[in-house]
Amino acid sequence: MAHIIGNVSLNKNGYSLYDIARFEKISEKKIKNLMITCLARIRSASPNNTANGMKAFFNEIGASDTAVNVFFTNSKLKPFAAAVRMASEKTFAENKSLYYAVFYVSKDVYHKWKKTGAEYNPALVPDMDETGLTKCAVSYRTVKVPKIPMFTQFEAVLKGIDIKLSEGILLTVEEYMKQHPDVFGDIVRDNDCNEKLIRENKMSLISAYISPETTNAVYKAIQRYNMLNVCKIKFSDFVDNALCEKLDRIPLQYTDPDLYNEALELQKAEEKLLNTEKE
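Let us look at the structure shown here. (Residues numbered from 1 in each chain as written. Predicted model: local features only at pLDDT ≥ 70, side-chain atom pairs only at ≥ 80, totals over all residues. Heavy atoms only, no water.)

A few points about the overall build of the protein
Counting its regular elements, the protein contains 11 helices and four strands. With 279 residues in all, the protein has 24% of them scored as buried. In the protein, once contacts between residues fewer than 6 apart in sequence are set aside, the share between residues at least 24 apart is 59%. Accessible surface, the protein as shown: approximately 21,200 Å² in total, 54% of it carbon and sulfur. (Helix = DSSP H or I, 4+ residues; strand = E, 2+ residues; numbered from the N terminus. Buried < 20%, exposed > 50% of the residue type's maximum accessible area, 1.4 Å probe, protein only. Contact = heavy atoms within 4.5 Å. Areas by Shrake-Rupley, 256 points an atom, 1.4 Å probe, with all protein chains shown as cover.)

Structural notes on the packing of aromatic side chains
A complete count under the given rule lists 11 aromatic pairs for this structure. Centre to centre, the rings of Tyr 110 and Trp 113 are 6.1 Å apart; their planes meet at 40°, and the pair counts as tilted. You can see Tyr 110 and its partner Trp 113 sitting in helix H4 (residues 107-116), three residues apart, about one turn around the helix. You can call Tyr 110 buried: its relative accessible area is 4%. Given the relative accessible area of 16%, Trp 113 is considered buried. On the basis of an interplanar angle of 75° and a centroid distance of 6.1 Å, the ring pair of Tyr 176 and Phe 184 is categorised as edge-to-face. Since its relative accessible area comes to 38%, Phe 184 is described here as partly exposed. (Phe/Tyr/Trp six-rings, centres within 6.5 Å; stacked < 30°, edge-to-face > 60°.)

Thoughts on the side chain of Ser 16
Along the polypeptide, Ser 16 turns up in strand E2 (residues 14-16). In this structure, Ser 16 is in contact with Leu 10, Val 102, Phe 103 and Tyr 104, ignoring residues within four places of it in sequence.

A word on the nonpolar core
Of all hydrophobic cores here, the largest spans 38 residues; its most connected members are Leu 17, Ile 31, Ile 42, Phe 58, Phe 71, Phe 80 and Phe 103. Listed by contribution, the elements that provide at least two residues to this core are helix H1 (17-23), helix H2 (28-45), helix H3 (51-60), strand E3 (85-93), strand E4 (96-106) and H4. (Core = buried A, V, L, I, M, F, W, Y, C linked by side-chain atoms within 4.5 Å.)

Quick notes on the packing of H2 against H3
For the pair H2 and H3, the least separation of the axes is 10 Å and the interaxial angle reads 105°. One element, H2, and the other, H3, form an angle in the roughly perpendicular class. Residues Cys 38, Leu 39, Ile 42, Arg 43 and Ala 45 of H2 form the contact with H3, whose participating residues are Met 54, Phe 57 and Phe 58. Here the residues of the contact of H2 with H3 sort into seven nonpolar, no polar and one charged. (Axes fitted to C-alpha atoms, helices over the stretch in contact; angles between N-to-C directions. Parallel < 35°, antiparallel > 145°, perpendicular 65-115°, else oblique. Nonpolar A, V, L, I, M, F, W, Y, C, P; charged D, E, K, R; others polar.)

Notes on the pattern of salt bridges
Considering all chains together, one arrives at four salt bridges under this definition. Notably, a salt bridge pairs Lys 114 with Glu 24, separated by 3.3 Å at the nearest N-O pair. A residue pair is termed long-range when its members are at least 10 positions apart, and Lys 114 in helix H4 and Glu 24 in the loop between H1 and H2 qualify at 90 residues. A salt bridge links Glu 174 to Arg 189; the shortest N-O distance between them is 2.7 Å. Taken together, the residues span a long stretch of sequence, with Glu 174 in helix H6 (residues 165-179) and Arg 189 in the loop between helix H7 (181-184) and helix H8 (212-228) at a distance of 15 residues. (Salt bridge = Lys/Arg side-chain N within 4 Å of Asp/Glu carboxyl O.)

A look at the packing of helix H5 (residues 149-160) against H6
In the contact formed by H5 and H6, the axes pass within 10 Å of each other and the chain directions differ by 115°. In terms of orientation, H5 and H6 fall into the roughly perpendicular class. For the pair H5 and H6, the sense of crossing is right-handed. Contacts between H5 and H6 involve Phe 151, Phe 154, Glu 155 and Leu 158 on the former and, on the latter, Leu 165, Gly 168, Ile 169 and Thr 172. Grouping the amino acids of the contact of H5 with H6 by side-chain chemistry returns five nonpolar, two polar and one charged. (Left-handed = near helix turned anticlockwise from the far one by under 90°.)

So far we have only geometry, and geometry alone does not tell us how the molecule works.
Put into C-alpha cells, the structure is as follows:
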C-alpha cells in the first residue's frame, strides 16, 4: 500500500510541519525532503507497515529515536522534534488505495517553546498506560461470539471477579489446551520480547492506584517506625525500596534480558561440557 507525503486533514490543535516551516523560515522543499526521508525510515523500522501500524510506531516509539526521527537533524526543529507526530489519510487514485502522510506538532508544544525557549521533554508527558504496552507491542484478533446464556453467565462472573473479558477468554482457551495435549500438543509461548518496543519512562512522579487498605497499613507502619527511630522513613522512600525489592524477585528474563541470555548460553555450554566428559 503506497504512502506519500501530501495534504492531510489535521486536528485544529496541531500545526503541520509545512506551517512550522513557514514560521521558522524553512523552505518548503527542505521540509518536504525531511518528511519524505522520515517516512522512509519509519517504513524500514516499523514492525507493521500498514498505515495505522506505521503511524502507531512513529507516534509511540520512533518520534524519540534519532535514527528514525530525522527532524532532530534540523537546528530549528530539534528543540521540539520529539513532539513531532505523524498523521495519515486514505484516498483513492486510479482505483488503488493511497495514503497521504504528513507530520505535525501540537500547537501547545510549539507555543510553549516559542514563549519559554525550553526544549520539549517527552518524559514530562509520557504516552503510557499502566501496562506500559504500546498499541503495536501485542497483536490482537477480533472474534465474534454469539451471546448465548452460557456466554452471558461467563461474562457476568468475570466482571464480578474483576477480570477483563479478553483475558478471561484467553485463560479459558489456555486451560482447554492444557486439558487436551493429545490434540494441541505443547502450548507455544513467546520467550523473547521485541526490545525495539520497550520504552523508557524516567518520571520521578508517577500515578498509580493503590488500595486504601494498603495505603493505610503503610502509613500507619511508617508512623510507628518514625516514632521509635532517629532516622525517619518517607512514604516515597518506602515505595521506592518496595519496588526495588520487587524487581529483585522478578525473573532475570524481564529485568535484564541480555544477562539472562548470557546465563542461558553459559548453562548450555556447561551441559555440553558435562555430556562430553560422560562420553
